[in-house]
Amino acid sequence: MTSSRYDILFEKVKIGPVTAPNRFYQVPHCNGMGHRFPRSLAKMRGIKAEGGWGVVCTEEVEIHPSSDITPYNQGRLWDDSDIGNLRLMTDAVHEHGSLAGIELVYQGLAGKNHYSRLPTLGPTHASVAGGYPMQARAMNKRDIKELRKWYRDAAIRSKKAGFDIVYTYAGHGLSVLMHFLSRQHNDRTDEYGGSLENRARLLKEVLIDTKEAVGDTCAVALRIAVDELLGKNGIQASGEGSDIIEMLAEIPDLWDVNVSSWENDSQTSRFSSEGFQEQYTKHVKSLTSKPVVGVGRFTSPDTMVSQIKRGVLDLIGAARPSIADPFLPNKIKNDKLDTIRECIGCNICVSSDNYAAPIRCTQNPTMGEEWRRDWHPEKIKPKHDDASILIVGTGPAGLECAHALANRGYDIVMAEKKSVAGGRVLLESRLPGLSEWKRVMDYRLNALQQMPNVEIYYESEVTPENLDEFGFENIIVATGSTWKNNGQGRDGRQELKTDGSIKILTPDDLMNGVEPEGEVLIYDTDHYYMAGVLANKCLDLGNQVTYMSPANRVSDWTENTLEQQRIQSQLMNKGVKLSLNQNLLEIIDKQVVSGCVYSSMESRTSCKTLVLVTERTPNDSLYTAIESQQPFKHFALIGDAYAPGIIAQAVHSGHLEAQVFGDKNPNKNVFKRDKGYNPA
Ligand code: ADP
Ligand code: SF4
């Protein structure tokens with residue numbers, strides 16, 4: 001039963017000619033599946049509807065080959081032959097009584113057409129985005145007329161595919177309609193350039209065309225960036241952003257509001273907290289009588305209710321919270337708040353899209369596996385017999401494995417050598433900016449503590465010698481990994497030569513409370529978040545910090561989680577010295593000797609402490625010892641103890657082990673291959 005204070009979230013909302021069954025709105029989000037993996041996509045979207053999302057939208061859907069987003073796997077609706085793919089999704093969403101929305105896009109200056117090889121079209125003769133060496137052609141009037149027809153045709157096809165909401169998209173810097181709007185991109189002198197009214201003309205025309213084409217049965221939504229967070233150089237909510245909303249206020253049936261670019265819209269928890277877009281959403285809401293959907297990594301039902309009651313928005317928009325927990329709405333409805341798997345705001349989901357690979361999620365290991373492995377976020381096959389299982393280690397891999405196996409009905413005993421659970425995720429969540437990551441542990445531990453078939457023993461180190469005392473036939477080892485202190489890593493297999501004049505620490509040392517002395521040099525060949533957050537930690541402890549890396553940027557890989565720019569700016573603004581393009585060579589006489597990756601020219605940097613953020617060693621000695629000690633019925637090695645990686649990988653590894661446990665021929669390598677839609 002619904003707690004009455006959340007009833008407001010389950011009110012219906014009329015959106016033009018259609019009605020959303022509640023206020024939970026999965027806004028368009030990329031997923032790396034798109035037109036290439038349509039069955040996977042449809043199943044994933046359908047599960048969101050099953051979990052209570054009243055509206056479930058697509059990702060960007062290309063409307064024409066002259067705006068093809070290759071290599072990214074987005075939706076495609078170039079002609080009628082693409083309808084079948086999308087019909088799979090609308091059927092899956094409608095099966096649960098939800099509405100299906102489609103985000104039509106013509107990328108303009110953001111499109112490179114690697115597949116179609118057609119020229120890119122935009123408002124102006126200008127370079128395309130992303131550093132690709134190619135320019136777009138400025139559209140003439142005939143091109144504009146054709147573009148409007150492409151949008152109209154795509155809207156009609158969307159209706160044929162069964163969509164209830166059709167988007168006109170002008171957000172994230174990814175749509176030609178936004179490029180026309182922006183003074184930065186549009187220097188035309190005809191009626192489509194110059195004044196704001198002129199620059200907004202194409203957007204208005206497409207919006208009206210779409211309404212005329214499908215507005216009798218489909219709602220028409222406008223997704224727009226009300227601020228680009230570029231100050232005077234971009235659209236600002238305090239200026240043209242508001243003027244555009246006022247100009248078009250009552251034309252769309254729904255406003256889907258965000259800030260651009262994607263880096264600003266999908267900020268990680270390291271840089272923003274829940275509801276961070278409130279001021280922008282609220283502002284748009286004050287300018288229109290039409291329903292407004294806004295986002296902000298909402299996972300707390302109290303925050304959601306508050307936003308609605310305070311008139312910030314009408315519909316709770318979510319991409320990431322719906323990925324981490326496709327059943328979030330139903331859990332609120334059924335008063336199961338403590339079972340919500342809250343998004344941790346890490347953007348690993350985004351990184352998959354950036355790799356053009358099917359989506360994955362740190363919190364939800366079933367994400368992207370719904371069709372190909374038949375995994376469901378809330379249901380799992382029952383146990384095959386009355387086996388009891390010992391799981392060694394309570395990090396993300398062990399906790400996820402235990403949770404999934406306990407849900408299957410097995411009796412589980414967990415042994416943890418420390419006095420607390422959580423492994424790396426507990427330690428890392430205590431580092432600056434990562435507190436929300438603790439949710440990975442909290443969600444699982446909370447569930448396990450309430451299950452009668454689970455026991456957790458702390459301060460219980462399992463060794464090859466004492467293993468027999470536990471008396472288990474089934475053993476899963478999730479003992480994690482240890483950061484190396486010998487300098488070996490991605491950018492060099494050789495061990496660091498040192499005369500011992502500088503103290504060497506690892507991330508494990510710092511996370512376990514060892515304090516660095518004096519000036520600290522952090523050497524990063526991991527390239528993800530660790531070195532950057534440790535720099536912050538050392539600054540907080542009062543040390544001066546130098547960040548050194550063979551990469552030419554700080555925390556290079558975080559480009560994929562949309563954080564790189566923010567991380568580098570933050571460290572530079574806090575006074576961290578950067579020493580980029582440097583390979584660590586040796587330690588001599590209280591100095592770190594490094595060599596330029598391009599010229600090999602040597603430099604020396606003085607410091608008292610060197611922190612090596614390089615590579616980890618799997619803690620697999622228990623496993624390798626028992627591997628030879630038969631008879632065990634089943635034994636497995638999972639998570640970082642198998643191969644160190646990101647937390648998402650450890651969670652997935654734990655879940656995969658739980659899924660195959662008890663199978664006659666357990667085989668983790670087998671999954672269905674989505675070979676596309678075949679109308680025949
Ligand atoms: P993962 O990411 O693979 O889950 P973690 O490093 O986060 O790995 O967690 C491993 C956990 O296992 C830690 O909590 C650690 O204390 C625990 N652990 C490691 N070795 C043993 C052992 N021999 N017996 C019991 N617990 C162990
Ligand atoms: Fe949230 Fe991270 Fe999952 Fe993305 S990957 S939905 S940010 S928990």
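Conventions adopted
Residues numbered from 1 in each chain as written. Chains lettered and ligands numbered in written order. Predicted model: local features only at pLDDT ≥ 70, side-chain atom pairs only at ≥ 80, totals over all residues. Heavy atoms only, no water. Near = heavy atom within 4 Å. Polar contact = N/O pair within 3.5 Å; in protein donor to acceptor, adjacent residues only side chain to side chain. Areas by Shrake-Rupley, 256 points an atom, 1.4 Å probe, with all protein chains shown as cover. 1 Å grid on protein atoms, 1.4 Å probe; cavity = no way out; pocket = protein on both sides within 12 Å on 5 of 7 lines; lining within 4 Å. Sits in = over half its atoms within 2 Å of the grid points. Helix = DSSP H or I, 4+ residues; strand = E, 2+ residues; numbered from the N terminus. Nonpolar A, V, L, I, M, F, W, Y, C, P; charged D, E, K, R; others polar. Pairing = 2+ DSSP bridges. Axes fitted to C-alpha atoms, helices over the stretch in contact; angles between N-to-C directions. Contact = heavy atoms within 4.5 Å. Points joined across faces, edges and corners; volume = space filled by probe spheres on them. Domains from an automatic or database assignment. Buried area = accessible area lost by both parts, 1.4 Å probe. Salt bridge = Lys/Arg side-chain N within 4 Å of Asp/Glu carboxyl O. Buried < 20%, exposed > 50% of the residue type's maximum accessible area, 1.4 Å probe, protein only. Phe/Tyr/Trp six-rings, centres within 6.5 Å; stacked < 30°, edge-to-face > 60°. Lys, Arg positive; Asp, Glu negative; His and termini not counted. Core = buried A, V, L, I, M, F, W, Y, C linked by side-chain atoms within 4.5 Å.

Q: Provide a residue-level description of the site of ligand 1, including the pertinent values.
A: Ala-397, Glu-416, Arg-424, Val-462 and Asp-640 are the nearest of the 22 residues found near ligand 1. In the environment of ligand 1, a nitrogen atom lies 2.9 Å from a nitrogen or oxygen atom belonging to the backbone of Val-462. Relative to its free-state accessible area of 580 Å², ligand 1 is covered by the protein chains to the extent of 93%. When each cavity is represented as a set of grid points, ligand 1 is found to reside in the second largest pocket. At the level of secondary structure, the elements contributing two or more residues to the shell around ligand 1 comprise α14 (396-408) and α15 (423-429). Residue classes in the shell around ligand 1 are distributed as seven nonpolar, nine polar and six charged.

Q: Help me get a handle on the sheet that holds strand β16 (residues 411-415), residues and values and all.
A: If you trace the five strands from one edge of the open sheet to the other, you get β17-β16-β15-β18-β30, paired in parallel fashion. Since the sheet does not close on itself, it has two edges, and those belong to β17 (454-457) and β30 (634-637), each with one partner. Neighbour to neighbour, the strand axes of the sheet diverge by 15° on average, direction disregarded. Pairing of β16 with β17 involves four bridges; the strand directions are parallel. Its bridge partner being in β17, Ala-415 is matched across the sheet by Tyr-457. In the packing of α14 onto the sheet, contacts are made with β15 (388-392), β16, β17 and β18 (474-477), and the angle to β16 comes to roughly 165°.

Q: So what's going on with the pairing of strand β27 (residues 602-606)? Which residues, and what values?
A: Note that strand β26 (residues 591-596) and β27 share five bridges and pair antiparallel. Counterpart to Val-593 in the pairing with β27 is Arg-604. Adjacent in sequence and paired antiparallel, β26 and β27 are bridged by five residues, among which Ser-600 carries a positive phi angle near 65°.

Q: Just give me the short version of the layout of surface pockets, but keep the residues and values in it.
A: Estimates place the volume of the second largest pocket at around 800 Å³. As for the second largest pocket, its lining consists of 43 residues, and the residues nearest its centre are Lys-417, Thr-479, Gly-480, Ser-481 and Asn-619. Of all the elements in the fold, those that place two or more residues in the lining of the second largest pocket are α14, α15, β19 (481-483), α18 (507-511) and α21 (621-627). If one sorts the elements of the lining of the second largest pocket by residue count, α15 sits on top with five residues. Across the lining of the second largest pocket, the residue classes break down as 17 nonpolar, 15 polar and eleven charged.

Q: Give a detailed account of the domain arrangement of the protein, specifying residues and quantitative values.
A: The domains assigned to the protein are domain 1 (4-354), domain 2 (388-480 + 620-660) and domain 3 (483-617). Spacing between the C-alpha centres of domain 2 and domain 3 amounts to 31 Å. If you sort the residues of domain 2 by the area they bury against domain 3, Leu-427, Leu-431 and Pro-432 come out on top, with a joint share of 46%. For the pair domain 2 and domain 3, the interface holds one salt bridge. For Asp-640, the salt bridge goes to Arg-616, with nearest N and O atoms at 3.7 Å.

Q: Provide a residue-level description of the site of ligand 2, including the pertinent values.
A: Around ligand 2 lies a shell formed by Arg-320, Ile-323, Ala-324, Cys-343, Ile-344, Gly-345, Cys-346, Asn-347, Ile-348, Cys-349, Cys-361 and Thr-362. Secondary structure elements with two or more residues in the shell around ligand 2: α11 (320-324) and α13 (348-354). It is α11 that provides the largest number of residues to the shell around ligand 2, a total of three residues.

Q: Tell me about helix α16 (residues 439-449), and name the residues and values.
A: For α16, a buried count of eight out of eleven residues is recorded, marking the element as mostly surrounded by other parts of the structure. Turning to α16, its buried residues number three or more, namely Arg-439, Val-440, Met-441, Tyr-443, Arg-444, Leu-445, Ala-447 and Leu-448. Structurally, α16 contributes buried residues whose contacts are with α14, β16, α15, β17 and α22 (647-660).

Q: So what's going on with the packing of aromatic side chains? Residues and values would help.
A: Using the criterion set out here, one finds twelve aromatic pairs in the structure. A centroid spacing of 6.2 Å and a plane angle of 25° characterise the contact between Trp-78 and Tyr-115, whose relative ring orientation is stacked. Linking Trp-78 in the loop between β5 (75-76) and α2 (83-94) with Tyr-115 in the loop between β6 (99-105) and β7 (121-122), this pair joins segments that are 37 residues apart in sequence. What makes Trp-78 buried here is its relative accessible area of 18%. Judged by relative accessible area, Tyr-115 falls into the exposed class, the value being 54%. Ring plane angle 70° and centroid distance 4.4 Å describe the contact between Tyr-528 and Tyr-529, whose orientation is recorded as edge-to-face.

Q: Can you break down the side chain of Asp-143 residue by residue, with the values?
A: Here Asp-143 shows up in helix α3 (residues 141-160). Look at Asp-143: it is buried, it has no salt bridge, and the nearest opposite charge is Arg-142 at 5.0 Å. Once you skip the residues sitting within four places of it in the chain, Asp-143 turns out to touch Leu-121 and Ala-138.

Q: Summarise the nonpolar core; cite the residues concerned and give the values.
A: Within the largest apolar cluster, 74 residues are counted, with the highest numbers of intra-cluster contacts made by Leu-9, Leu-104, Tyr-106, Ile-224, Trp-255 and Ile-332. Counting residues per element, this core draws most heavily on α3, which supplies six residues. Here Leu-104 is in contact with Val-61, Ile-63, Leu-77, Tyr-151, Ala-154, Ala-155, Ser-158, Val-166, Tyr-167 and Tyr-169, once residues within four sequence places are set aside. If you look at the next biggest cluster of nonpolar residues, it comprises 62 residues, including Leu-427, Val-545, Leu-580 and Val-613.

Q: Account for the sheet that holds strand β20 (residues 497-498), with residues named and values stated.
A: Spatially, four strands are ordered β20-β25-β26-β27 in an open sheet, and the strand pairing comes out mixed. Only two strands of the sheet have a single partner each, and these edge strands are β20 and β27.

Q: Give a description of the side chain of Asp-265 that names residues and reports values.
A: Residue placement: Asp-265 occurs in helix α8 (residues 262-265). The charged side chain of Asp-265 is buried without a salt bridge, its nearest counter-charge being Arg-223 at 4.5 Å. Excluding residues that lie within four positions of it along the chain, Asp-265 makes contacts with His-172, Asn-258, Val-259, Phe-276, Gln-277, Val-295 and Arg-320.

Q: I'd love a proper account of unusual backbone geometry, names of residues and values included.
A: In this structure, Pro-71 follows Thr-70 across a cis peptide bond, with omega equal to 10°. Checked against the element boundaries, Pro-71 lands in the loop between β4 (55-62) and β5. Phi is positive for His-172, close to 60°, though the residue is something other than glycine. Checked against the element boundaries, His-172 lands in the loop between β10 (165-170) and α4 (176-181). The class of His-172 is buried, set by a relative accessible area of 9%. Positive phi outside glycine occurs at Glu-459, with the angle close to 50°. When you line up the elements, Glu-459 lands in the loop between β17 and α17 (467-470).

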